Amino acid sequence: MRFNFKKCLSFLLCGILLSACGCGAGENNTNTDASEKDDNETIRIACVGDSLTQGIGATGWKDDIYTFAYPQQLNQILGDKYKVGNFGKGSSYVYYYEGRTESLWYPKTVQYTLSNQFEADIVIILLGTNDARVMNNTADSEAWKAEFTTLVEHYLDLETKPEVYIVSSITLSLYDTDKEQQLKDYILPMQQEVAHELNCKFIDIYHGLYDYFITGEGFASDNLHPNDAGYRKMAEYIADNLEL
C-alpha cells in the first residue's frame with residue numbers, strides 16, 4: 001500500500017482543530033463563577049445557607065471538597081438543564097448583635113456576594129440553625145424573624161426576580177436536646193411564617209426527614225452535620241418539592 005501524505009496531513013489537521021474546540025471537555029455544574037454564562041435554557045439555582053449547605057461532614061470536606069454536599073447532589077439529580085451553585089458558609093447566621101462574629105453574619109460573607117452575582121432563577125435558603133443556640137425568648141425570635149425577612153426580601157428583589165424557596169432546619173435532637181428545643185420554639189415557626197408572609201415556597205425538611213435523621217443513620221460522627229447519605233436524602237427531598 002502506498003503512503004498517502006495528503007490524506008495523513010488532512011486527518012492530522014482535523015484532530016488539531018477538534019482539540020482546539022475542546023470537544024469532550026466536561027463542565028463543573030456547581031461552579032459559582034457568575035461571569036460564566038450558560039445558554040438561555042439553563043436554569044440557575046443558588047443554594048444559600050450555612051454548613052448544612054456548604055457540606056460540612058461529607059466526604060472530603062476537610063480538604064474543601066464538597067462533592068457530596070446537598071447542592072452538588074441536587075445538581076446530579078436535576079441534570080444538565082440546571083446549574084446549581086453552592087453558596088453555603090459554615091457557622092454563618094442570620095441574627096446579628098454586638099458581640100457576635102460579624103464576618104459570619106451571612107450578609108457579610110463572600111458567599112452572599114457571590115450568590116448575588118449568580119443571576120439565579122431560583123434561590124433556596126436554609127439558614128437559622130446556628131441562631132437556635134442564641135434564642136432565649138420570643139423577643140429574640142421576633143428579632144431573628146425581622147432580619148431573616150430582610151434577607152429573603154433582598155433575594156426576591158434581585159434583578160432576575162428569582163423564585164425563592166425557604167427550607168427549614170433539620171433536627172438537632174441527637175446533638176443537643178436544649179438547642180433542639182430552642183430550634184423548635186424560636187426558629188422553625190419563624191422560618192415558616194416568613195415563607196408564608198413573603199409568598200415563598202416552604203420546604204419542611206425538619207418534619208419530612210425527622211424519622212430518618214433521628215436514627216442517626218444520616219449524620220456524621222458529630223450528630224450535627226449530615227454524612228454523604230444524609231445530604232443525599234436532603235437533596236432528594238428538596239428536589240421532590242421544587243416546582244420546576
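Treat the numbers as computed from the prediction; the structure is a model and nothing was measured. (Residues numbered from 1 in each chain as written. Predicted model: local features only at pLDDT ≥ 70, side-chain atom pairs only at ≥ 80, totals over all residues. Heavy atoms only, no water.)

A. Here's a closer look at the overall build of the protein chain. A tally of helices and strands in the protein chain yields nine helices and five strands. Listing every helix and strand of the protein chain by position from the N terminus yields α-β-α-α-β-α-β-α-β-α-β-α-α-α. Across the 244 residues of the protein chain, 46% fall into the buried class. Put simply, of all contacts in the protein chain between residues at least 6 apart along the chain, 75% involve residues at least 24 apart. Summing over all exposed atoms, the protein chain offers an accessible surface of approximately 12,600 Å²; the carbon and sulfur share of this is 50%. (Helix = DSSP H or I, 4+ residues; strand = E, 2+ residues; numbered from the N terminus. Buried < 20%, exposed > 50% of the residue type's maximum accessible area, 1.4 Å probe, protein only. Contact = heavy atoms within 4.5 Å. Areas by Shrake-Rupley, 256 points an atom, 1.4 Å probe, with all protein chains shown as cover.)

B. The arrangement of the packing of helix α3 (residues 70-78) against helix α9 (residues 228-241) in detail. Put simply, α3 and α9 touch, their axes get as near as 8 Å, and they point 55° apart. The angle between α3 and α9 places the two elements in the oblique class. Crossing angle aside, the handedness with which α3 passes α9 is right-handed. Within the contact between the two elements, α3 uses Tyr70, Gln73, Leu74, Gln76, Ile77 and Leu78 and α9 uses Asp228, Tyr231, Arg232, Met234, Ala235, Glu236, Ile238 and Ala239. Residue composition of the contact of α3 with α9, by class: nine nonpolar, two polar and three charged. (Axes fitted to C-alpha atoms, helices over the stretch in contact; angles between N-to-C directions. Parallel < 35°, antiparallel > 145°, perpendicular 65-115°, else oblique. Left-handed = near helix turned anticlockwise from the far one by under 90°. Nonpolar A, V, L, I, M, F, W, Y, C, P; charged D, E, K, R; others polar.)

C. Expanded view of the sheet that holds strand β3 (residues 122-126). The strand order across the open sheet built from five strands is β2-β1-β3-β4-β5, with neighbouring strands paired in parallel fashion. Edge positions in the sheet fall to β2 (82-88) and β5 (201-203), since each of these pairs with one other strand and no more. Mean inter-strand twist for the sheet, computed between neighbouring axes without regard to direction, equals 20°. Relative to strand β4 (residues 163-167), β3 runs parallel, the two sharing four bridges. Considered in β4, the bridge of Ile124 is made with Tyr165. Packed on one face of the sheet, α9 meets β3, β4 and β5 and runs near 150° to β5. (Pairing = 2+ DSSP bridges.)

D. Region of the structure containing the nonpolar core. Formed by 35 residues in total, the largest nonpolar core has its most connected members in Ile125, Phe148, Val152 and Tyr155. For this core, the secondary-structure elements that each account for two or more residues are β1 (43-49), β3, α5 (138-156), β4 and α6 (177-197). The dominant element in this core, judged by the number of residues it contributes, is α6, at seven residues. Residue contacts for Tyr155: discarding those within four places in its chain leaves Val48, Tyr106, Tyr112, Ser115, Asn116, Val123, Ile125, Pro162 and Val164. If you look at the next biggest cluster of nonpolar residues, it comprises 27 residues, including Cys47, Val167, Ile170 and Tyr212. (Core = buried A, V, L, I, M, F, W, Y, C linked by side-chain atoms within 4.5 Å.)

E. Representation of the confidence of the model for the protein chain within the structure. On average, residues of the protein chain score 88 in pLDDT, and 84% of them are at 70 or above. Across the protein chain, element-level confidence peaks in β3 with a mean pLDDT of 99 and bottoms out in helix α1 (residues 5-20) with 38. Across residues 1-29 the pLDDT falls below 50, and counting only partners more than four positions away or on other chains, this stretch makes ten contacts in the model. (pLDDT = per-residue confidence, 0-100.)

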